[in-house]
Amino acid sequence: MLENEIREHICRVGQLLYDKNFVAANDGNISVRLDEQRVLITPTGVSKGGMTPQSLVVIDMAGNVIAGDSVPSSEGKMHLAIYRHRPDVNAVVHAHPPRATAFAVVRKPIVKPIVAETFVSVGEVPVAPYSLTGTQQVVEAIEPYLKDYNALLLANHGLVTWGKDLKQAFFRHESVEHYAKIMMYSMQIGEPIELDEAQVADLIKLRERLK
Ligand SMILES: [Zn+2]
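Parameters and conventions
Residues numbered from 1 in each chain as written. Predicted model: local features only at pLDDT ≥ 70, side-chain atom pairs only at ≥ 80, totals over all residues. Heavy atoms only, no water. Donors = N, O, S within 2.8 Å, 3.2 Å for Na, K, Ca; no water. Helix = DSSP H or I, 4+ residues; strand = E, 2+ residues; numbered from the N terminus. Buried < 20%, exposed > 50% of the residue type's maximum accessible area, 1.4 Å probe, protein only. Pairing = 2+ DSSP bridges. Contact = heavy atoms within 4.5 Å. Axes fitted to C-alpha atoms, helices over the stretch in contact; angles between N-to-C directions. Polar contact = N/O pair within 3.5 Å; in protein donor to acceptor, adjacent residues only side chain to side chain. Expected span 1.5 Å × (residues − 1). Phe/Tyr/Trp six-rings, centres within 6.5 Å; stacked < 30°, edge-to-face > 60°.

Undergrad: Even after reading the chapter, I still don't get the coordination of the zinc ion, so can you show me in this structure?
TA: Four donors placed tetrahedrally around a metal ideally meet at 109.5 degrees, and six donors placed octahedrally ideally meet at 90 or 180 degrees. Every protein donor of the zinc ion is listed here as His94 (NE2), His96 (NE2) and His157 (NE2), and their distances to the metal cover 2.0 to 2.1 Å. One chain supplies every donor to the zinc ion, and in sequence these donors are spaced H-x1-H-x60-H. Taken together, the positions of His96 in the loop between strand S5 (91-95) and helix H3 (98-105) and His157 in the loop between strand S7 (151-154) and strand S8 (158-163) put the pair 61 residues apart, joining distant regions of the chain. Given the relative accessible area of 18%, His157 is considered buried.

Undergrad: Which parts of the structure should I look at to understand the sheet that holds S8?
TA: What holds strands together in a sheet is hydrogen bonding between their backbones, with the strands either parallel or antiparallel. On the basis of which strands lie adjacent, the open sheet formed by eight strands has the order S4-S3-S2-S1-S5-S8-S7-S6 and mixed pairing. Strands with a single pairing partner mark the edges of an open sheet, and in this sheet they are strand S4 (65-67) and strand S6 (127-128). Along the sheet, helix H1 (residues 3-19) contacts strand S1 (29-33), strand S2 (38-41), strand S3 (57-60) and S5; its crossing angle with S1, the most-contacted strand, is approximately 155°.

Undergrad: How should the side chain of Asn150 be read in this particular structure?
TA: Along the chain, the position of Asn150 falls in the loop between helix H5 (136-146) and S7. Using a relative accessible area of 16% as the deciding quantity, one classes Asn150 as buried. Here Arg172 takes part through its side chain, which lies 3.5 Å from a polar atom of the side chain of Asn150. If sequence neighbours within four positions are ignored, Asn150 has contacts with Arg86, Val122, Thr161, Trp162 and Arg172.

Undergrad: Looking at this structure, how should I read helix H7 (residues 197-210)?
TA: Structurally, the α-helix is built with 3.6 residues per turn, so residues lying three or four positions apart point the same way. Taking 1.5 Å of rise per residue, the 14 residues of H7 would be expected to cover 20 Å, and the 20 Å separating its terminal C-alpha atoms lies within 8% of that figure. Near the N-terminus of H7, the side chain that reaches the backbone nitrogen of Ala198, with its oxygen 3.2 Å away, is that of Asp196.

Undergrad: I would appreciate a short explanation of the packing of aromatic side chains in the present structure.
TA: How two aromatic rings sit relative to each other is given by the distance of their centres and the angle of their planes. Counted according to the given criterion, the structure contains two aromatic pairs. Pairing Tyr145 with Tyr149 gives two aromatic rings, centres 6.4 Å apart and planes at 50°, and the pair type is tilted. Ring centres 6.4 Å apart and planes at 45° place the aromatic pair Phe170 and Phe171 in the tilted group. On the basis of relative accessible area, Phe170 is assigned to the buried category, the value being 4%.

Right under this line is the structure:
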């Protein structure tokens, strides 16, 4: 994909985050790795529903601005940490989808294999300890989880997902929020039934095949 197309894709995903109520006001941030040295990231203080391709910022792996007139997202450190730990990852989406964020607020990880589709597309979603947004603390809080997972709840804050491309990172965001919604409904009408060990093993095999 050309850089211009990536810029447009980020704006489209930003609009989706806004339209789906995954963010309010200026919340959330999105980035795509352009190459080994450069990351394209959303600007700070701008609604994800009203971004223009030109407003995006190119930063290097240390967070310095290489191109663009806007100030990059204050969560850039978190995005860069994910890219550093995961060479296979090329896109990161962070937002505050309300139901997944509710799990983050009560600090309840999404570990139970209950909804087969989510388990295959995302896997387990742990909760990283609370840290002050935009600080180095966030990096230390998330680092232990980056290698083994595709999504992470940030305690009392929100959700971050990543993937091989922006489409996958965004779909994982959607899937976790959808799962959280189903969990909330099912807990209201009964006790969610977990899949058994053999059923989970089959799903893990399926996930490996789909990789
Ligand atoms: Zn946030």
